[in-house]
4 protein chains.
Amino acid sequence: MHIGLIGLGKMGGNMRERMRRAGITVVGFDRDASLCDVTSLGALVEALPAPRVVWVMVPSGDPTHETIAQLRGLMDAGDVVVDGGNSRWTDDKRHADELAERGIGFVDCGVSGGVWGLQEGYALMVGGSADHIELVQPAFDALRPSPESGFVRAGGVGAGHFAKMVHNGIEYGMMQSYAEGYELLEKADLVENVPEVFDSWREGTVIRSWLLDLFAAALADDPDLARLRGYADDSGEGRWTLEAAIEHAVPMNAIAASLFARFASRQDDSPAMKAIAAMRNQFGGHAVHTQ
Amino acid sequence: MHIGLIGLGKMGGNMRERMRRAGITVVGFDRDASLCDVTSLGALVEALPAPRVVWVMVPSGDPTHETIAQLRGLMDAGDVVVDGGNSRWTDDKRHADELAERGIGFVDCGVSGGVWGLQEGYALMVGGSADHIELVQPAFDALRPSPESGFVRAGGVGAGHFAKMVHNGIEYGMMQSYAEGYELLEKADLVENVPEVFDSWREGTVIRSWLLDLFAAALADDPDLARLRGYADDSGEGRWTLEAAIEHAVPMNAIAASLFARFASRQDDSPAMKAIAAMRNQFGGHAVHTQ
Amino acid sequence: MHIGLIGLGKMGGNMRERMRRAGITVVGFDRDASLCDVTSLGALVEALPAPRVVWVMVPSGDPTHETIAQLRGLMDAGDVVVDGGNSRWTDDKRHADELAERGIGFVDCGVSGGVWGLQEGYALMVGGSADHIELVQPAFDALRPSPESGFVRAGGVGAGHFAKMVHNGIEYGMMQSYAEGYELLEKADLVENVPEVFDSWREGTVIRSWLLDLFAAALADDPDLARLRGYADDSGEGRWTLEAAIEHAVPMNAIAASLFARFASRQDDSPAMKAIAAMRNQFGGHAVHTQ
Amino acid sequence: MHIGLIGLGKMGGNMRERMRRAGITVVGFDRDASLCDVTSLGALVEALPAPRVVWVMVPSGDPTHETIAQLRGLMDAGDVVVDGGNSRWTDDKRHADELAERGIGFVDCGVSGGVWGLQEGYALMVGGSADHIELVQPAFDALRPSPESGFVRAGGVGAGHFAKMVHNGIEYGMMQSYAEGYELLEKADLVENVPEVFDSWREGTVIRSWLLDLFAAALADDPDLARLRGYADDSGEGRWTLEAAIEHAVPMNAIAASLFARFASRQDDSPAMKAIAAMRNQFGGHAVHTQ
C-alpha cells in the first residue's frame, strides 16, 4: 500500500514509522521541510498511485480545513482523504460534503495512543462508508496494536471522531478520579507512603489501568510531585463532550466536574470566589482576605 | 421576662440590645469582662428569678460543651438552657440528656441574621419540647423580625439546629449560583457594566433576594471586586449539611459543589491537579507547568 | 408612544396590557387571530407612525428568525425592531446585521417577570446602540417595575439576551439549592413541619428571596408536594449558560449540576446507571436489579 | 503457617481456598455451620499454635465489633487479629486499643479483588505495626497476585482500610466516567455499535483498564443492557471517602457526583425535583407533570 501523510509531528512522525515497519510506502509532508519526503502537497499527491489515500494529521480547526480544501483541488474522484486529527465531529460532515462534490471519499479516524503508540500501536475509531474505509484498511491494520484489537468502525462520517471525543471525556473523568483520591491520601496523613500505595494498586485491584501505571511511574519519579504545578490544559475534546451531553440531555456530572477542575487550575484568582467573599463580607462581617 | 445571655460577641451583643429594647431584663456574661453585666456564671444564674432561662451564644464544640456543663452544675430543675450558637444538631441530644438528668430543660435555636439582626430581627429555628420553648417565647418574640415572621418550632431537640444547618447549606448554593453567574458575565466581555446588571436584577426578576441586594451593594462599592481575594472560609454548617445528605442518601450536587469551591479557593496549589499534570505528562508528552 | 407587538401569549398579552395602562398605543398581532388588533404584519407596520418600533415576542429560533425576516421586508430605515423573546445571544448579531442592511435598528431585550409581570413589572436587560434604545425607552419605562428599577443597558447587541441567559442560569442554581435543602429536611425526619420551616425563612434569614416566597406558597398549598411529579423541563437558557461557561473556561459546577438534575428528572431509567449496574455485576457479583 | 479465618462467604471462602493452595493451614469458621472447619470461635482459637493469627472477614460494623470483642476474650498476648473486612478506618483504632489492653496485636487489611481474587489474587492494603504485620506476612503473600505485586504496608493502624476506602472512591469515579460516556454514545445515535466501540477501546487507548474489560464483557453479553435496571447500591466506602474529603477540605467533585448518581438511581421520584417543579409552576405557570 501507498499512503500520503500530512503532519509529521509527535503523533504523525511515529505513525509514519509504524506504517513503514509494516511495509507500507509512506510519503510524508509537513510544514517543517526537514521532516518531509516531498516538497509540496502537489508532489505528495503525484507520488501516490490511484486510487490515492491521504491521511491528514494536523491540528483541528483551520489547519485541517485548509489542508482538506487544498487536497480537494489536487485529488481525483475515487481517492480518499482520512482526517486522523482531533477534529470536532461536526466538522466531518462538512469535509465529507466538500470532498464528495469532486467524488473524493472521506473517512474520519480518532486516534488514541500518544507517545506510546509507535511501540504499542494506536487505537483507531473510524467513521465513514465501508468502501472508503476498505481502501484505508491496510494502514489501519498497520497502526492498530494487533489484528484483533484497537480498531472499530463506529459508524458513518463523524462517528469516529465522536467516539474518540467520548473516549477523551471518559479519560478526563478517570484522571480526575485518581487525582481526587491522590489528594485525599496526601492530605489525610494516615497513609505514610502514597506512591507505594498507588504502585500496589497496579495488580489485583478493581481500579488497575494503564493510566494508573503511568501515574505510579510519575510518582516513582517524583514522589511528592514537587516538580509540577497543579495546572492542566484541556484539549477541546473534553469541552465538546460536555457540549454533546448538553445537546442530548445527558447528565454528565463527573466528566463536567473534571473539565471544570482544569478550568479552575488555570486561574490565579477566582472571580466567582471573590464574589463569595464579597457576599460573606456584607452579611456576616466575616473576615475576608484582601489583596 | 429575665434572661441570662452568655456570649456577647458580634451576635450576642446585638441580641442583648434587641431584647432590652423589647423590655426584657438581660443579664449578660462574656469572657471579655468589659462586656459583662456580672462577674461569673454563678452570679449570672443567681441574678435570675426561677424558673430561669439562660441563652448560650458561644462557639460550637468545646466552648458550648463546657458552658453547658457548668450551667448543669449551677441551675435547678425547671430551668431551661437555650443553645443559640451554631452547634451541630448531633450535639443537642447529648446536651439535652445531660441537663435532663438534673431536671433542666434544653432548647436548641438556630439563629440567622448576621450583623443586620439588631435592626431587622433574627430568624429563629427552634427545637425542643413545647413547655421548654414556652418559657423562652418572650425572648424569641423580641428577637424575631415581627410577631408573624421569623420563628418556627421545627420539631424536638436538635430540629432547630438541623433546620439552621440546612438553611446554611442552601445559602452556600445560592451564593455559588450568583458567583458563577458573576464570573461568566465578567469573562464573556459582552456585558459592559456587570455591577449595573446585578443592580437591575434587584426588582422584577425571578432571582431577586436579600443576598442579591448585598452583592449589588458590594459591587457598587468595589465594581471589580479588586480589593478582595477569591478566598472563602466555611463555617462548618456546609460540611454538616453534606454529611447529613450522605447519611440520608440525598443527591446534593449543587450544594456539594459550593462547598468544594470554597475548599479549592483556599489552596495555593492543588495536589489533585498536580496529579492530572503528572498523568498528562506521562501519556502525551504534554507541556506541563513546572515549579 | 406607538408600538407594534408581535406575540400575544402569556407574556406578550400581559405586556400589551401593562403598556396600555401606561398610555402607550399598542398594536398587537398574533397567530391567533382572536388576540389581534390587526390582521397582518403588514397592517401592523402600516398602523405605526415612523420611526416605528416593533417588539417581537415569539418563541426563539425559527419563529423569531422568520418574524424578523418578514419585518425586514416591511419596515423602513430608521425603524427599530426589539427582540424581547428568549433568543440565544448569538442570534442577535445575525438579526442586527440583517436589519442593518436595510437601515433598520435592532435591540435585544431579555425580559424577566413571568406571570407576575403585569402587576409587579418586568425586569429588562437590554442590548444595542444608545440611539436605538432611546426610541424604545418609553416602552421600557412602562414595563419596568418602577422608574428606578428593573432596567439596564447591559451593552451592545446581544448583551441583553446574554445577561438574561445568565440570570436564568443563576435561577437554576438557586432553585436547585432550595430543592436539595428541601429533600434533606424531608428525608431526615428530624424536622416535623417542613412547610412551616420554609415559611419561617421568608424574613430575617440570609436566604430570603422571591423564589423562597413562591416555594413557601407552593408548600402551603400542597404540604407534601403530593400532587407533583419530580419532573422538570429546561428552557434552553440553562444549556446556553453552560455552553458559554465552556467557551470562556468558567468553572460552573453548581449551575451545571442544576441543569443535569433536570435532565435526570426526565429519565425513566438511566443508561449510565445501567452501565454502573453492569460493571458491579461483573466484578463483584453484586445483586443487581433486573427488569 | 496456621491461620484462623472467620467469615467464609463469597470473599472469605475463596480466600481460604487460595491460602490452602499456597500450603497454609486454614481453620475456618462461619455462622453457617456447613462451611465451618470448627464448631466455635473457641475451638478455632484452640486449633491454632501460638502466636496465633486470626483473620476476621465479616461485615463491617456490629458483626466485626462483636467478633473482635469475642476474640479479645479468647486470644492471648502475642497473638494478632487481622480485620480484612470493609471496616471504616475509624473503627480500627478502637479495635487496636481494645486488643492492645490484653497484649493482642491488630492489623487492618483492605482487600480488593472480588469474585476474581481466587484466580488472580487479591490486592492488599495493610495498616499496623511492622512486627504484627510480619506474623501475617505468609498469608498476605499467599493472597496477593504475585510476590512483587498487590501488597502495601500503607502505614500504621487504620491506614490499610483508609487506602482501601480511597481505592473504592476512585472506583466510583472511574465507573461513573465510563457510564456517562456510555450514555452519551447511546443517546447521540451517531455511533452505530456502542458495544464494539467499548470493545475496541480495550487495547491501545488511554482509558484501557480492567473495569473496561468487564464492561465490554457485559456489553457483549447484553448489548443494550436491556436486562438491567439503572439502579446501583453503594457499599459505604464511597460515603466514607466523601466524609474524609469533607474532613480534610479536599474538593472531590467527580467522586461526589458518582456517589450522588447512585443515590438518585434508587429514587422512584425525586423530592428535590418535585420542589423544582413546584417553583416553576408558581413563577412561570409552566406546565408541570402531576401524579
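Residues numbered from 1 in each chain as written. Chains lettered and ligands numbered in written order. Predicted model: local features only at pLDDT ≥ 70, side-chain atom pairs only at ≥ 80, totals over all residues. Heavy atoms only, no water.

### Here's the deal with the confidence of the model for chain A
Stage number 1. When pLDDT is averaged along chain A, the result is 96; 98% of the residues meet or exceed 70.
Stage number 2. Under the prediction, the complex receives an ipTM of 0.96, its pTM being 0.96. (pLDDT = per-residue confidence, 0-100.)

### Remarks on the interface of chain B and chain D
Stage number 1. Listed per partner, the contact involves 20 residues of chain B and 20 residues of chain D.
Stage number 2. Of the roughly 1,600 Å² buried where chain B meets chain D, counting both sides, 73% is carbon and sulfur surface.
Stage number 3. The largest contributions to the chain B side of the interface with chain D come from B:Ile246, B:Pro251 and B:Phe260, which together make up 39% of the buried area.
Stage number 4. Breaking the side of chain B that touches chain D down by element, the ones donating at least two residues are helix H10 (237-247) and helix H11 (253-265) of chain B.
Stage number 5. Of the residues contributing to the side of chain B that touches chain D, the split by class is 14 nonpolar, 2 polar and 4 charged. (Contact = heavy atoms within 4.5 Å. Buried area = accessible area lost by both parts, 1.4 Å probe. Helix = DSSP H or I, 4+ residues; strand = E, 2+ residues; numbered from the N terminus. Nonpolar A, V, L, I, M, F, W, Y, C, P; charged D, E, K, R; others polar.)

### Considering the sheet that holds strand E1 (residues 2-6) of chain A
Residues and elements named next belong to chain A.
Stage number 1. The 7 strands are arranged E2-E1-E3-E4-E5-E6-E7 in an open sheet whose pairing can be described as mixed. In the strand order of this sheet, the two ends are held by strand E2 (25-29) and strand E7 (151-155), each with one partner. Between one strand axis and the next, the sheet turns through 25° on average, direction left out of account.
Stage number 2. The pairing of strand E4 (residues 80-83) with strand E5 (residues 105-112) spans 4 bridges and is classified as parallel. When the bridges of E5 are listed, Val 80 appears paired with Gly 105.
Stage number 3. Across the sheet, helix H4 (residues 89-100) lies against E4 and E5, angled at about 150° from E5, the strand it touches most. (Pairing = 2+ DSSP bridges. Axes fitted to C-alpha atoms, helices over the stretch in contact; angles between N-to-C directions.)

### Remarks on the pairing of E2(A)
Along any regular strand the residues' side chains alternate between the sheet's two faces.
Residues and elements named next belong to chain A.
Stage number 1. A large share of E2 lies buried, amounting to 4 of its 5 residues.
Stage number 2. When E1 meets E2, the two strands line up parallel, connected through 5 bridges. Bridging from a neighbouring strand, Ile 3 pairs with Val 26 of E2.
Stage number 3. Handedness of the crossover is the feature at issue here: the chain leaves E1, passes through helix H1 (residues 10-21), returns alongside E2, and the resulting connection is right-handed. (Buried < 20%, exposed > 50% of the residue type's maximum accessible area, 1.4 Å probe, protein only. Right-handed = clockwise from strand over helix to strand, strands pointing away.)

### Concerning the nonpolar core
Stage number 1. Residues A:Phe198, C:Phe198 and D:Phe198 are the most contacted members of the largest nonpolar core, which totals 236 residues.
Stage number 2. Apart from residues no more than four positions distant in its own chain, D:Phe198 is found in contact with A:Ile170, D:Tyr178, D:Tyr182, D:Leu185, D:Leu212, D:Phe215, D:Ala216 and D:Leu219. (Core = buried A, V, L, I, M, F, W, Y, C linked by side-chain atoms within 4.5 Å.)

### What to know about the side chain of B:Ser146
Stage number 1. With respect to the helices, strands and loops of the structure, B:Ser146 is situated in the loop between helix H6 (130-143) and strand E7 (151-155).
Stage number 2. Take B:Ser146: its relative accessible area is 19%, and that puts it in the buried class.

### Considerations on the packing of aromatic side chains
All names here are of chain C.
Stage number 1. Per the counting criterion, the structure on display carries 36 aromatic pairs over all chains.
Stage number 2. The interplanar angle of 85° and the centroid separation of 5.1 Å between the aromatic rings of Trp 89 and Phe 162 together place this pair among those described as edge-to-face. Here Trp 89 is found in helix H4 (residues 89-100), whereas its partner Phe 162 is found in helix H7 (residues 159-188), with 73 residues between them in sequence.
Stage number 3. Relative accessible area serves as the criterion here: at 13%, Trp 89 is assigned to the buried category.
Stage number 4. A relative accessible area of 1% places Phe 162 in the buried class.
Stage number 5. Between Tyr 182 and Phe 198, the aromatic rings sit 6.1 Å apart at their centres with planes inclined by 55°, giving tilted as the arrangement. A residue pair is termed long-range when its members are at least 10 positions apart, and Tyr 182 in helix H7 and Phe 198 in helix H8 (residues 194-200) qualify at 16 residues. Residues Tyr 182 and Phe 198 agree in their burial class; the two are buried. (Phe/Tyr/Trp six-rings, centres within 6.5 Å; stacked < 30°, edge-to-face > 60°.)

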